[in-house]
Amino acid sequence: MEKKTILFVDDEPNILSGLQRMLRSMRKTMSFQFAESGTAALEILASEHIDVVVSDMRMPGMDGADLLTAVQKQYPHAVRIMLTGQADEGAIMRTVGVVHQFLAKPADPDILKQVIKRATVLQDLMADKQTKELVSSIGSLPSLPKMYSMLQETLKDPDCSLADVAKIIEQDLAMTAKLLQLVNSAFFGLYKHIESPSRAVNLLGLDTVKALILGVGVFSELKSPGSKIFDVNKLWYHSMATAAFAKIIAAQETDDKEMIDNAFIAGLLHDVGKLLLFSRMPEKYEQAVTLAMESHCSLEEAERQIFGACHGHVGGYLIGLWGLPGPVVEAITFHHSLDSYPEPSFCPPIITHAADYIYYQLNRGDCIGEPRQLNEYTLEQLGILDHVERWVELCLETQNRCEEDDG
Ligand SMILES: [Fe+2]
Ligand SMILES: [Fe+2]
């Protein structure tokens with residue numbers, strides 16, 4: 001495999017030389033470049049191919065936020081990582097939607113290595129010829145749903161209030177109606193009726209509501225034709241359920257709120273590649289579905305035969321370009337191919353994979369083609385294979401509650 005090039009940007013020479021030492025063991029598979037300012041970094045980017053940019057936030061002149069925003073515009077396929085200190089809260093808000101991953105400074109060497117390895121695999125995907133060709137044959141890609149990007153913009157202002165957020169949502173009546181319908185569904189088990197977006201944000205948290213808005217936005221933006229072979233409504237239900245299951249699994253294993261939120265978003269969007277392929281090339285997608293059913297292979301295998309890439313990779317590619325958090329992009333990309341996910345730990349890719357598997361265990365009739373297999377090997381390695389039984393019980397409880405609610 002081609003060597004990946006990682007560019008580090010920091011105005012402190014000591015930090016750069018420390019990084020150089022820390023990363024020595026990785027030089028067989030990667031090459032490293034170092035720049036002492038944003039301007040110097042852009043010069044390097046203009047003269048050679050860079051796969052991953054890791055930048056410090058605070059630098060004189062062009063700061064990390066400005067640099068990575070420029071990188072996103074000019075080199076959208078480079079993975080962008082930011083090192084931040086304690087006082088960088090405002091800067092973090094400024095780069096939501098730009099940075100794939102934030103790392104606290106000083107970076108723990110093992111975590112830094114893990115993040116870089118994962119970033120290069122993600123970059124492989126963003127640069128994968130077949131996926132790229134497929135995506136470009138689709139024509140223009142959908143952009144980030146409008147309301148979601150408006151919310152992101154508003155949230156960049158440190159003085160923005162809950163009322164500001166609610167006001168944006170309320171402007172769109174159709175979105176408000178859908179959002180309230182969702183938050184009142186038994187998936188959230190709130191046992192009380194929520195009548196306004198601001199209540200929803202209060203009870204569920206801004207991140208969950210934002211994720212729902214993104215999900216609703218993506219599904220309504222990617223208009224799909226009616227089809228007897230592929231049912232988009234079913235896909236939406238599956239996505240909602242997988243999101244709820246992913247949240248349950250994550251909350252069962254960790255208190256890390258960011259991980260729980262990312263698992264939820266990843267569950268909601270994990271099959272966005274299916275939606276993208278079906279909405280843009282419906283006949284071909286129906287062919288893939290038919291192939292999976294008739295030849296008893298998995299849907300991913302059939303997609304690879306018909307399109308040259310599977311929905312995980314196509315979806316991950318799109319969401320990667322949108323600048324969603326790295327763990328979410330990784331989860332979408334690898335939910336059917338955990339074997340090629342580097343350095344597995346308990347994280348959104350594993351959670352999404354398990355949530356998707358559990359959904360089809362509980363709803364066997366919904367599975368197109370060969371049933372999903374659980375990647376027992378990876379779960380065993382992480383010492384959590386015997387937790388799956390409990391996860392299934394918890395997910396089943398939620399699903400039963402939802403069915404009671406419907407009936
Ligand atoms: Fe999938
Ligand atoms: Fe799925």
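It should be noted that the structure appears before, not after, this text.
Residues numbered from 1 in each chain as written. Chains lettered and ligands numbered in written order. Predicted model: local features only at pLDDT ≥ 70, side-chain atom pairs only at ≥ 80, totals over all residues.

J.: Can you walk me through the environment of P13 in this structure?
T.: Relative to the helices and strands, P13 is located in helix α1 (residues 13-22). C-beta crowding within 10 Å serves as the criterion here: with 10 such atoms nearby, P13 is assigned to the exposed category. C-alpha separation for the pair P13 and E393, spaced 380 residues apart in sequence, amounts to 53 Å. (Helix = DSSP H or I, 4+ residues; strand = E, 2+ residues; numbered from the N terminus. Buried ≥ 20, exposed ≤ 12 C-beta atoms within 10 Å, placed from the backbone.)

J.: Would you mind showing me how to read the sheet that holds strand β4 (residues 79-84) here?
T.: The pairing of strands in a sheet happens through backbone hydrogen bonds and is either parallel or antiparallel. The strand order across the open sheet formed by five strands is β2-β1-β3-β4-β5, and the pairing between neighbours is parallel. Among the strands making up the open sheet, the edge pair consists of β2 (30-35) and β5 (101-104). Along the sheet, successive strands turn relative to each other by an average axial angle of 20°, direction set aside. Note: strand β1 (residues 4-9) against strand β3 (residues 52-56), four bridges, orientation parallel. Across the sheet, residue V9 finds its bridge partner in β3, namely S55. Contacting β1, β3 and β4, helix α3 (residues 64-74) crosses the sheet at an angle of about 160° to β3. (Pairing = 2+ DSSP bridges. Axes fitted to C-alpha atoms, helices over the stretch in contact; angles between N-to-C directions. Contact = placed C-beta atoms within 7 Å.)

J.: In this structure, what is going on with the packing of helix α7 (residues 146-155) against helix α11 (residues 206-221)? I would like to understand it.
T.: How two helices pack is summed up by the angle between their axes together with the distance between the axes. Interhelical geometry of α7 versus α11 gives an angle of 150° and a closest axis separation of 8 Å. Classified by the interaxial angle, the pair formed by α7 and α11 is roughly antiparallel. Along its contact with α7, which presents M147, Y148 and L151, the element α11 presents K210, I213, L214 and G217. Across the contact of α7 with α11, the residue classes tally to five nonpolar, one polar and one charged. (Parallel < 35°, antiparallel > 145°, perpendicular 65-115°, else oblique. Nonpolar A, V, L, I, M, F, W, Y, C, P; charged D, E, K, R; others polar.)

J.: What is the right way to read the nonpolar core from this model?
T.: Note that soluble globular proteins tend to have their nonpolar side chains buried in a common cluster. Counting residues in hydrophobic clusters, the biggest one holds 105 residues, and the most contacted among them are V53, I213, F245 and A246. When we break this core down by domain, the ones giving at least three residues each are domain 1 (4-127) and domain 2 (146-406). Discounting chain neighbours no more than four positions away, the residues touching V53 are L7, V9, L68, V71, A78, R80 and I81. (Core = buried A, V, L, I, M, F, W, Y, C linked by C-beta atoms within 7 Å. Domains from an automatic or database assignment.)

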